[in-house]
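Given next are the chains, with one letter for each unit.
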Amino acid sequence: MSRKPGPKSLSPELENKLAALPAAPGVYLHKNKQGKVIYVGKAKLLTNRVRSYFHSLEQKDPKTRMLVRQIEDLDYIVTDSAADALVLENQLIKEYKPLYNVRLKDDKAYPYLRVSMNEPYPRVSVVRRIQEDGARYFGPFTNVYAMRRTLGFAAGAFQVRTCHLDLPEQTVDRPCLDHQIGRCGAPCVDYETREEYARKVHRLVRFLDGANDEVLDELRREMARHSEDLRFEEAARLRDLIRQVEDTTTQSRPISGVTENCDLCGVARQGSEASGVILRVRGGRILTTLHFPLTDKLESERGTFMGHLLREYYSRAGDIPREIYLSCEVEDLPSWRIYLSERRGGPVRLAVPKRGAKKEATELAHTNAAFKLREMLMKQDLRRRDTVTPADIQLQEALELHTAPKTIECFDISNFQGKETVASLVFFKDGKPLKSRYRRFRIRTVQGIDDFASMAEVLDRYYGKLVAKGLPPADVVMVDGGAGQLGKAREVLASYGLHETQLIGLAKKQETIHREGGTLNLPRSSEALKLLQQVRDEAHRFAITYHRLVRDRRTTASELDLIPGIGNMKKLALLHHFGSVRQIRKAGPEELAEVRSINRHDVVAIREFFLNRKDEP
C-alpha cells in the first residue's frame, strides 16, 4: 500500500507528449489529475527542460519529487525567443496562480499615484491599476501609509488638486476648503491661469520622479524674481515650499558612489519564505523602499525568488529606470534585459555588480531584505506564541521541536472481527478540537484485520488530497499505535515529500510515545502527555462512533429502504410497531395508519410497493 520514492510511472499520453516536445524556446504547464495547472515554467529548449523533471527523480529534493508525482499531464506553447517565453510565463502565472510557483504572500493590487496629464487641469488620485490613458503613474507602493503621506505632502505643497471636477467643463461658484487652507490654487474658479497651474503640475511630477535638486533650483529662481518684483507674499510662500522640499530631501538616505537614477533589488530567503526589497534611487538618494513578502513550496534558491521579484514589480511598475542592479544572479539574464527594455521603451542595463560602489549598494538592498524577512518571521512566531499553552511548550521540549506545535492531527483504525473497518482523523488547534477538519474513512482495499495496511491506505488517501490542494500537514501528526503503524505512516508521508513532518505514535496501556529515534515515556502528570491522550482518545471515540453507525446501517438495512418516502426514522418506527418486515407486508391500510409519523401518502406507497413485489416473478 505504501509507496517509496522512485521513478514516476508515466501514462502513455504523457510519454507521447514528452517524446513530441520541440527543440525550441517556450513555456510549459504541468497539470495534476484534475487538469489544474500546478506549475508554469519557461525554457530555451523545451525538450531538455521538461524531460529533466522525470529523470533521476530519486536524486531530486523532496519538494521537487512532490511536484513531479502530481504531474499527470502537460501542455506547452512555443515562442519565437526566450524573451517572448519570459513575457508569456509572466502572463500565465498571473492567470493560473499555480500552486508550486513562487508567489506573493499577500497577492493584492498595490496602489499607485496617478497624475492625469491627459486632462487640461491635471489632478492627483490613488488608483489600483495602470491604464494606457496618457496619465503618469508612480508606484506601486507596498506601504499604503507612506503613499498617503507622499500624496498629502506633494499635492498640498505644490497645490495640485485632488478633487473630481472635470475642468474646465464643470465649474463651481466658490473654491473648496483645500484652497482656503493653502492646498490648492483653485483653478476651478479661475484664481490661477492654466499656464500657472501647469507649472505646478510639472514640478510635482519632477518631484515624484526624484528630481528634487532641479525643482529646488527652479523654486529658488522664481522666489528671487518675486522678491525683485516686490511680490513678497508669493516669495514667502515659495520660501516655505523650498524648506518643505529640503526637509523631505534630507530625510532620504544618499547612496555612496551612486549618482544616477537606478533600482537596487535584493532578496533574502529562509526555507520556503523570502523577502524581496527594491530601493528606488533617484538623484543618488533612496526615494522609496518597496517590500514584497514571497513564498515558494519548492523552497527555491535566491535566484528563483529574484526572478519572481522582477516579475511582480516591473510588470506593474509606473516607471522603470535605465539601470537596475541585482544582489544575486537570476536565470536567463539576457531575456530579462529584453523584457525590461520593452517595458521601459528604451534600453535597460540589468546587472549583478561584482565589486565597487554598485556592489555595496546591492548589498544594502540585500541587508534590507534580510531585516524585512527577520521581521516577518518574528511576527509569525509572535502570533503563534499568543496561543501557546503550557502543554504546547512541554510537548515542544519533549519532542525537541523548533517551535511549539500549534496543530495536531491523529488517525485511528476501528473494526469488529475484521468487518466494517473504518478510520478517523481528528484535528486539534491551540489545544482544542477543530471539528471542521475532522474526517472519517471506510477502508476499501484491505480485507480482514490488518491495521498496518489500513493505516497506510487512510494516510495515502488523506495526504494525497492534502498535497494536491497545497495544504500543509499539522505541526504534529499522530497515529494510534506503536512502531509498526509509525513505520507505515513515515513511508506514506515520505512518498509525498513530507519528510520534515513531525510524526509520532501513542501506544495504549503504557502510554509510550514512539518516535523515529526511539521511544519516550512522559510522567503521567505531564501536561504534554495529557494533551496527546486527549487527542488520541478523541480519535478513538470518533472512529468507534462511525463504526457503530456503519454497523447499524448494515443491520437495519431491509426492503423498506427501497420504498419512496420512507426514511430511516419511519423505517425504525414501522419495525418497532410490527416487529418485522413480514408483519409490515401483511398489515392493512388501517394498521399502517396507526404507526406514528406514517401519513396516508406513506400508506399508499407501502401498499403499492409490496403489491408490486408480489407480482414480480
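Structural data are supplied above this passage.
As the structure is a computational prediction, the values presented were derived from the model and not from experiment.

Asker: Outline the overall build of the protein, supporting the account with residue identities and numerical values.
Answerer: Helices and strands together make up the secondary structure of the protein, namely 20 helices and 20 strands. Taking 25 Å as the expected radius of gyration for a compact globule of 617 residues, we find that the protein reaches 35 Å, considerably beyond that expectation. Seen through its principal axes, the protein has C-alpha atoms that stretch 115 × 65 × 60 Å. Going through the 617 residues of the protein one by one, you find that 49% of them count as buried. For the protein, contacts bridging at least 24 residues in sequence account for 62% of all contacts bridging at least 6. As displayed, the protein offers around 31,700 Å² of accessible surface, 49% of which is attributable to carbon and sulfur atoms. Of the side-chain charges in the protein, 102 are positive and 85 negative, and the distance between the mean point of each set is 4 Å.

Asker: Break down unusual backbone geometry for me, with residues and values.
Answerer: Cis peptide bonds are those with omega within 30 degrees of zero, and the linkage from L167 to P168 qualifies with 5°. Residue position: P168 is located in the loop between α5 (144-157) and α6 (177-180). With phi around 50°, K97 is a residue other than glycine that occupies positive phi space. Look at K97 and you get exposed, because its relative accessible area is 53%.

Asker: Can you break down the sheet that holds strand β5 (residues 112-115) residue by residue, with the values?
Answerer: Read across the sheet, three strands follow the order β6-β5-β7 without closing on themselves; strand pairing throughout is antiparallel. A strand with exactly one partner marks an edge of an open sheet, and here the two such strands are β6 (124-127) and β7 (136-138). Taking the axes of each pair of neighbouring strands and ignoring which way they run, one obtains an average angle of 30° across the sheet. Alignment of β5 against β6, held across four bridges, turns out to be antiparallel.

Asker: Could you give an account of a positive patch on the surface, naming the residues involved and the relevant values?
Answerer: Together, K33, R439, R444, K465 and K469 make up a region of like positive charge exposed at the surface. Among the secondary structure elements, K33 is positioned in the loop between β1 (26-31) and β2 (37-43).

Asker: Can you explain the sheet that holds β2? Please cite residues and give values.
Answerer: As summarised here, the arrangement of the three strands in space is β2-β1-β3, forming an open sheet in which the pairing is antiparallel. This sheet does not close on itself; its edge strands, each paired only once, are β2 and β3 (73-78). With direction set aside, neighbouring strand axes in the sheet form an average angle of 20°. In the sheet, β1 pairs with β2 via six bridges, with the strands oriented antiparallel. Bridging across to β2, V27 finds its partner in K42.

Asker: I'd like to hear about helix α11 (residues 333-344), residue by residue, with values.
Answerer: If you check α11, its first and last C-alpha atoms are 16 Å apart, about what twelve residues at 1.5 Å a residue would give, namely 16 Å. Every buried residue of α11 is listed here: L333, S335, W336, Y339, L340 and S341. Lining the buried residues of α11 we find α4 (82-96), α10 (302-314), β11 (323-326) and β12 (349-351). Just past α11, the residue G345 takes up positive phi, approximately 80°.

Asker: Before we move on, can you summarise the pattern of salt bridges with the specific residues and values?
Answerer: This model, assessed by the stated rule, comprises 26 salt bridges. A salt bridge links E312 to R316, with the shortest nitrogen-to-oxygen separation between them at 2.8 Å. By the burial criterion, E312 is buried, and R316 matches it. The closest approach of N and O atoms between E511 and R536, which form a salt bridge, is 3.0 Å. Taken together, the residues E511 in the loop between β18 (502-506) and β19 (513-515) and R536 in helix α16 (residues 527-555) connect sequence positions 25 residues apart. Classification of E511 as buried rests on a relative accessible area of 10%. Within the structure, one salt-bridge network assembled from shared partners comprises E119, R123, R161 and D166.

Asker: How would you explain the nonpolar core if you had to name every residue and give the values?
Answerer: Core analysis: the biggest nonpolar cluster contains 45 residues, and L67, Y100, F411 and Y463 have the highest contact counts within it. Ranked by residue count, the leading element in this core is helix α14 (residues 451-468), at nine residues. If you count residues domain by domain, this core takes at least three from each of domain 1 (12-101) and domain 4 (392-550). The residues touching L67, leaving out its near neighbours within four places in the chain, are I38, Y39, Y53, Y100 and L298.

Asker: Break down the packing of aromatic side chains for me, with residues and values.
Answerer: Across all of its chains, the model carries twelve aromatic pairs by this definition. Arranged with centres 4.7 Å apart and planes meeting at 75°, the rings of Y313 and Y314 form a pair that is edge-to-face. Both residues of the pair, Y313 and Y314, count as buried. Following the ring pairs from residue to residue traces out a cluster consisting of Y28, Y39 and Y53. The residue whose ring lies beneath R437 is F427, and the NZ or CZ to ring-centre distance is 4.0 Å.

Asker: Describe in detail the state of the cysteines, supporting the description with residues and values.
Answerer: What the rule picks out here adds up to zero disulfides. The structure places no disulfide on C188, whose sulfur is separated from the nearest cysteine sulfur, that of C176, by 6.2 Å. On the accessibility criterion, C188 (15% relative accessible area) is buried.

Asker: A description of the side chain of T79 should follow, citing residues and the corresponding values.
Answerer: Its place among the elements puts T79 in the loop between β3 and α4. For T79, a relative accessible area of 12% corresponds to the buried category. Reaching out from T79, the side chain makes a polar contact with the backbone oxygen of S81 at a distance of 2.9 Å. Discounting chain neighbours no more than four positions away, the residues touching T79 are P25, G26, D84, A85 and L88.

How each quantity is defined
The residue numbering used here restarts from 1 in each chain and proceeds along that chain's sequence as written. In keeping with the predicted nature of the model, local features appear solely for residues at pLDDT of at least 70, side-chain atom pairs appear and are counted solely at 80 or more, and the whole-chain, interface and lining totals rest on all residues. The side-chain figures draw on all heavy atoms in the structure; neither hydrogens nor water molecules are used. Secondary structure follows DSSP: runs of H or I at least 4 residues long count as helices, runs of E at least 2 residues long count as strands, and numbering of each begins at the N terminus. Within these notes, the globule rule equals 2.2 Å times the number of residues to the 0.38 power, and the radius of gyration is based on C-alpha atoms. Each residue's exposure class comes from its accessible area (1.4 Å probe, protein chains only) as a fraction of the maximum for that residue type: buried when under 20%, exposed when over 50%, partly exposed otherwise. We call two residues in contact when some of their heavy atoms are within 4.5 Å. Here the Shrake-Rupley method, with its probe set to 1.4 Å, supplies the accessible areas, and only the displayed protein chains count as covering residues. For the charge count, each Lys or Arg is scored as positive and each Asp or Glu as negative, with His and the chain ends excluded. A charged residue contributes its charge at one atom only: NZ of Lys, CZ of Arg, CG of Asp or CD of Glu. DSSP calls a pair of strands paired once it identifies at least 2 bridges connecting them. Inter-axis angles, ranging from 0 to 180 degrees, are taken between N-to-C directions of lines fitted to C-alpha atoms, where helices are fitted over the stretch in contact. Residues forming no salt bridge and having over 30% relative accessible area are the ones grouped into patches, like charges within 9 Å of each other and nonpolar side chains (Val, Leu, Ile, Met, Phe, Trp, Tyr) within 5 Å. We define a salt bridge as a contact between a side-chain nitrogen of Lys or Arg and a carboxyl oxygen of Asp or Glu at a distance within 4 Å. In a helix, the anticipated span is given by 1.5 Å times the number of residues less one. Side-chain atoms within 4.5 Å are what join buried Ala, Val, Leu, Ile, Met, Phe, Trp, Tyr and Cys residues into a set we call a nonpolar core. Domain start and stop positions are those given by an automatic or database domain assignment. Whether two aromatic rings pair depends on their centres lying within 6.5 Å, for rings of Phe, Tyr and Trp, where Trp uses its six-membered ring; planes under 30 degrees apart make the pair stacked, over 60 edge-to-face, and the rest tilted. A ring is considered to have a charge above it if a Lys NZ or an Arg CZ atom is located within 6 Å of its centre and within 35 degrees of its normal. Two cysteine sulfur atoms form a disulfide, by the criterion used here, when they sit within 2.5 Å. Polar contact is defined as a pair of N or O atoms within 3.5 Å, subject to the rule that within protein one atom must be able to donate a hydrogen and the other to accept it, and that residues adjacent in sequence are counted only when both atoms are side-chain atoms.

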